[in-house]
Amino acid sequence: MKIHEYQAKELLAAYGIAVPDGKVARTADEAFEIASAMCPCVIKAQVHSGGRGKAGGVKLANSPEEARDIAQKMLGMTLVTKQTGAEGRPVRSVLVAAAVEVDKEYYLSITTDSQRAGLVIVASAAGGTEIEETAAKNPEAIVQIPISVTEGFKTYEGIRAAQVLGLDDLLQKQLVFMLGAMTRLYLEKDCSLIEINPLVKTRDNRLLCLDAKINFDDNALFRHPDVLDLRDFSQEDAKEYKASCSDLNYVSLEGDIGCLVNGAGLAMATMDIIKNFGGSPANFLDVGGSATTERVKAAFEILLSDKNVRAIFVNIFGGIMKCDIIAEGLVQATREMGVSIPIVVRLEGTNVDAGRKIINDSGLSIISASDMADGARKAIEAAKGGRA
Ligand code: GDP
Ligand code: MN
């Protein structure tokens, strides 16, 4: 789960980490009010994405009036950044933050290092909006410092990070404190990423987090109701949100073949085989091992609400899941929703004969496939003639 920059900064501040003064505004007048006590200031679009600076989502205001004008334009717009995809993210709030006189920008983050089964500090003296370019062209400028989760953060790891950034003794102390607090926050709140880009050295020689991104491990959210309260559904893909309410594993993609599959492995294999035959999947969708008729219907609704979907490929291997249950859900959903696009079905496994019978007896024009490859080919063919 992602949160907004202003929320991430509030969390960092609660752990004693230095962030610029700032407050969130949901209207232009609120931005004016806040800016009246904080000028010059920066107005920052609050969306779940980085790359805002380059996309016009970070602007300097020299007066409260200017802050109001900028906020007026930002609020309600859809910000498209390098990270959002073409659909962008709606700007529902802006952060009004005291402008900082920056001497130098650094990159600093903590994330999970699954290979070392621990955490890792990632630090670079080349921070700021060009960090992706640095990673691509000059990766040795980005240094990793592993932290043990059992032993926790050690001062010498912080000193090493300070060396990477080239900090003096005073700032080194600030960085060691900051990394200790970040590690504590990371572990206590089950984060998956805390990223400060840029961390800056101010003209008056202080370390300050100018930007902050915090992501949380979805599987641990059940033990953090305070974190769940920070969720902003307006920033999430509507289909992915609906899927999560029905306990479906769904990831929206760009193609035109909607996939309904049981099991994550089979879902991956289905996407691969569609690609292999020259098609393009519209999504990853795993209805799980214990799907009910209701969940199959919910899955269909999500696939059909995607305007890019021109054909649906149902690929089921009935192990725990029985083919007749899937077939029942499929037939009900198709009837109730008046599906007008082609559906290709490949069923195999437990109760497959009963499942096929339900489909054949339904009178619906469902294209049946003999195996996965056959199904993928038929779905690709059907998508060419499906709705525009
Ligand atoms: P991002 O583009 O979404 O990562 O947004 P950031 O919050 O990182 O802002 C982008 C860039 O704007 C930063 O790298 C800074 O160079 C600049 N910036 C943001 N706030 C300030 C500020 O208060 N003072 C100065 N001088 N620059 C700022
Ligand atoms: Mn940034």
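Scroll up a little and you will see the structure.
First, a word on what this report is: a plain description of the structure on this page. On a predicted model such as this, the values are computed, not experimentally measured, just so you know.

Describing the overall build of the protein
Counting its regular elements, the protein contains 13 helices and 18 strands. The principal-axis extents of the C-alpha atoms in the protein amount to approximately 80 × 50 × 40 Å. Pairs at least 24 apart in sequence give 69% of the contacts found in the protein among residues at least 6 apart. When the accessible surface of the protein is summed, it comes to about 17900 Å², and 51% of that surface belongs to carbon and sulfur atoms. For the protein, the separation between the mean place of its 43 positive charges and that of its 52 negative charges on side chains is 2 Å.

Some words on the coordination of the manganese ion (ligand 2)
Within the protein, Asn197 (O) and Asp211 (OD) serve as the donor atoms for the manganese ion (ligand 2), at 2.2 Å. With Asn197 in strand E10 (residues 191-202) and Asp211 in the loop between strand E11 (207-209) and strand E12 (213-216), this residue pair connects regions lying 14 residues apart in the sequence. We classify Asn197 as buried; its relative accessible area is 13%.

A word on the site of ligand 1
Taken together, 17 residues are adjacent to ligand 1, and Lys44, Arg52, Gly53, Val100 and Glu105 come closest. Contact between ligand 1 and Arg52: an oxygen atom at 2.7 Å from a side-chain N or O atom of the residue. Contact between ligand 1 and Glu105: an oxygen atom at 2.5 Å from a side-chain N or O atom of the residue. Look at ligand 1: alone it shows 560 Å² of surface, and the protein chains cover 80% of it. Broken down by class, the residue content of the shell around ligand 1 amounts to 8 nonpolar, 5 polar and 4 charged. There are two domains that each give the shell around ligand 1 at least three residues, and those are domain 1 (21-98) and domain 2 (102-228).

Quick look at helix H1 (residues 5-14)
In terms of residue burial, H1 counts as a mostly covered element, since 7 of its 10 residues are buried. All of the buried residues along H1 are Glu5, Tyr6, Gln7, Ala8, Lys9, Leu11 and Leu12. Phi turns positive, to about 85°, at Gly16, one or two residues after H1.

Re unusual backbone geometry
The linkage connecting Cys39 with the following residue, Pro40, adopts the cis geometry, with an omega of 0°. Tracing the sequence through the fold places Pro40 in the loop between helix H2 (28-36) and strand E2 (41-45). Geometrically, the link from Asn197 to Pro198 is a cis peptide bond, its omega value of 10° lying close to zero. Its location among the elements puts Pro198 in strand E10. Despite not being glycine, Ala117 shows a phi value in the positive range, around 50°. Structurally, Ala117 can be placed in the loop between strand E7 (102-113) and strand E8 (118-124). The backbone of Asp247 shows a phi angle near 65°, a positive value even though the residue is not glycine. Looking at where Asp247 falls in the secondary structure, it is placed in the loop between helix H8 (238-245) and strand E13 (249-252). According to the relative accessible area criterion, Asp247 is exposed, its value standing at 59%.

Describing the packing of aromatic side chains
Within this structure, the stated rule accounts for 1 aromatic pair. Ring centres of Phe233 and Tyr241 lie 4.4 Å apart, and the angle between their planes is 45°; this geometry places the pair in the tilted category.

As for the packing of helix H9 (residues 264-276) against helix H13 (residues 372-385)
Two elements in contact, H9 and H13, have axes separated by 9 Å at closest approach and are oriented at 55°. Classified by the angle their axes make, H9 and H13 are oblique. Note on packing geometry: the crossing formed by H9 with H13 is right-handed. Here Leu266, Ala269, Thr270, Ile273 and Ile274 of H9 come into contact with H13, specifically with Met372, Ala373, Ala376 and Ile380. Looking at the contact of H9 with H13 residue by residue, the class counts come to 8 nonpolar, 1 polar and no charged.

A few points about the side chain of Thr334
Note on placement: Thr334 falls in helix H11 (residues 323-337). Residue Thr334 is classed as buried on the basis of its relative accessible area of 8%. A distance of 2.3 Å separates the side chain of Thr334 from the backbone oxygen of Leu330, its partner in a polar contact. When residues no more than four places from it in sequence are discounted, the contact partners of Thr334 are Val339, Ile343 and Leu364.

Conventions adopted
Residues numbered from 1 in each chain as written. Chains lettered and ligands numbered in written order. Predicted model: local features only at pLDDT ≥ 70, side-chain atom pairs only at ≥ 80, totals over all residues. Heavy atoms only, no water. Helix = DSSP H or I, 4+ residues; strand = E, 2+ residues; numbered from the N terminus. Contact = heavy atoms within 4.5 Å. Areas by Shrake-Rupley, 256 points an atom, 1.4 Å probe, with all protein chains shown as cover. Lys, Arg positive; Asp, Glu negative; His and termini not counted. Charge placed at Lys NZ, Arg CZ, Asp CG, Glu CD. Donors = N, O, S within 2.8 Å, 3.2 Å for Na, K, Ca; no water. Buried < 20%, exposed > 50% of the residue type's maximum accessible area, 1.4 Å probe, protein only. Near = heavy atom within 4 Å. Polar contact = N/O pair within 3.5 Å; in protein donor to acceptor, adjacent residues only side chain to side chain. Nonpolar A, V, L, I, M, F, W, Y, C, P; charged D, E, K, R; others polar. Domains from an automatic or database assignment. Phe/Tyr/Trp six-rings, centres within 6.5 Å; stacked < 30°, edge-to-face > 60°. Axes fitted to C-alpha atoms, helices over the stretch in contact; angles between N-to-C directions. Parallel < 35°, antiparallel > 145°, perpendicular 65-115°, else oblique. Left-handed = near helix turned anticlockwise from the far one by under 90°.

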